[in-house]
Amino acid sequence: SAVISQKPSRDICQRGTSLTIQCQVDSQVTMMFWYRQQPGQSLTLIATANQGSEATYESGFVIDKFPISRPNLTFSTLTVSNLSPEDSSIYLCSVDRGQGYEQYFGPGTRLTVT
Amino acid sequence: QKEVEQNSGPLSVPEGAIASLNCTYSDRGSQSFFWYRQYSGKSPELIMSIYSNGDKEDGRFTAQLNKASQYVSLLIRDSQPSDSATYLCAVNRIQGAQKLVFGQGTRLTINP
């Protein structure tokens, strides 16, 4: 598995502002993923972040709203921009250990937009 | 048709009984299948992975895969109250490998 940390663990933000979430892994990984989990819902993939290249976004998610950085093999950030109450969710990062596509999740960031 | 479907439950099982969780998927080319457990307020935790047809056992957990029927299940033997959680089925998507698609999850309650 992997030891994954996320910061912040939770935040309350005003609409129109932005929040940047950090994800740190204890060892180098090729693939990092960002998910959103809305209240009572399952996980939806936002984007895949590879080191040294642009993130790949899923349908319905755009870079202007969810810019992602991946400066090295142990770290990534997700910014949620121009916040609205509909962005209130849990945001999770995960990593792929490269063995059969198993993914391991960080503890998540609970975002509330007021 | 959803790519990965689960009965959302809730599924209620008495302590000590077998809990059976089911999942179907639509992409016949899928090759990797996972069960995650998610406690309320926590992130998903990988508990089982299965890649070939048949059964895979790990302690009280057994994953079953039938690719012909596009069906994967999770059995929990001797269910304990600590098994009460939401169980998420995940399947890798062939297009753009290494992406997982999750079902909506089944909420399981083990009654003492």
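Relevant structure appears above.
Conventions adopted
- Residues numbered from 1 in each chain as written.
- Chains lettered and ligands numbered in written order.
- Predicted model: local features only at pLDDT ≥ 70, side-chain atom pairs only at ≥ 80, totals over all residues.
- Heavy atoms only, no water.
- Helix = DSSP H or I, 4+ residues; strand = E, 2+ residues; numbered from the N terminus.
- Rg over C-alpha atoms; globule rule 2.2 N^0.38 Å.
- Buried < 20%, exposed > 50% of the residue type's maximum accessible area, 1.4 Å probe, protein only.
- Contact = heavy atoms within 4.5 Å.
- Areas by Shrake-Rupley, 256 points an atom, 1.4 Å probe, with all protein chains shown as cover.
- Lys, Arg positive; Asp, Glu negative; His and termini not counted.
- Charge placed at Lys NZ, Arg CZ, Asp CG, Glu CD.
- Salt bridge = Lys/Arg side-chain N within 4 Å of Asp/Glu carboxyl O.
- Pairing = 2+ DSSP bridges.
- Axes fitted to C-alpha atoms, helices over the stretch in contact; angles between N-to-C directions.
- Core = buried A, V, L, I, M, F, W, Y, C linked by side-chain atoms within 4.5 Å.

A tally of regular secondary structure across chain B gives 0 helices and 11 strands. Taken against the 2.2 N^0.38 rule, which gives 13 Å for 112 residues, the C-alpha radius of gyration of chain B at 13 Å falls within 12% of a compact globule. Dimensions of chain B, computed from C-alpha atoms along their principal axes, come out at roughly 45 × 30 × 20 Å. Among the 112 residues that make up chain B, the fraction classed as buried is 45%. In chain B, once contacts between residues fewer than 6 apart in sequence are set aside, the share between residues at least 24 apart is 54%. Accessible area for chain B stands at about 5300 Å²; split by element, carbon and sulfur atoms hold 45% of it. Here chain B contributes 11 positively and 10 negatively charged side chains, and the mean placements of these two sets differ by 7 Å.

Here we take up the pattern of salt bridges. Pairing between side chains of opposite charge can happen when the charged atoms of each approach one another. Residue and element names in this part refer to chain B. In total, this model carries 5 salt bridges over all chains according to the counting rule given. Between glutamate 57 and arginine 77 there is a salt bridge, with its nearest N and O atoms 3.4 Å apart. Placement of glutamate 57 in strand β6 (residues 54-58) and of arginine 77 in the loop between β8 (71-76) and β9 (85-93) is noted, with a sequence separation of 20 residues between them. In this structure glutamate 57 comes out as exposed when scored by relative accessible area, which is 60%. Exposure remark for arginine 77: the relative accessible area of 27% places this residue in the partly exposed category.

The next subject is the sheet that holds strand β3 (residues 19-25) of chain B. All names here are of chain B. Strand order in the open sheet made by the 5 strands is β1-β3-β8-β7-β6, with antiparallel pairing throughout. Of all the strands in the sheet, the pair left with one neighbour each is β1 (4-6) and β6. Pairs of neighbouring strands in the sheet enclose a mean axial angle of 20 degrees, with direction left out of account. Across 6 bridges, β3 lies against β8 in antiparallel orientation. Across the sheet, serine 20 pairs through a bridge with leucine 75, a residue of β8.

Tyr35 and Leu78 of chain A together with Tyr36 and Phe102 of chain B are the most contacted members of the largest nonpolar core, which totals 42 residues. Dropping the residues within four chain positions of it, leucine 78 of chain A is found in contact with Leu19, Thr20, Ile21, Trp34, Ile46, Phe66, Pro67, Ile68 and Tyr91 of chain A. Core analysis: the next-biggest nonpolar cluster, separate from the first, contains 24 residues, Ala19, Leu21, Ile47 and Val91 of chain B among them.

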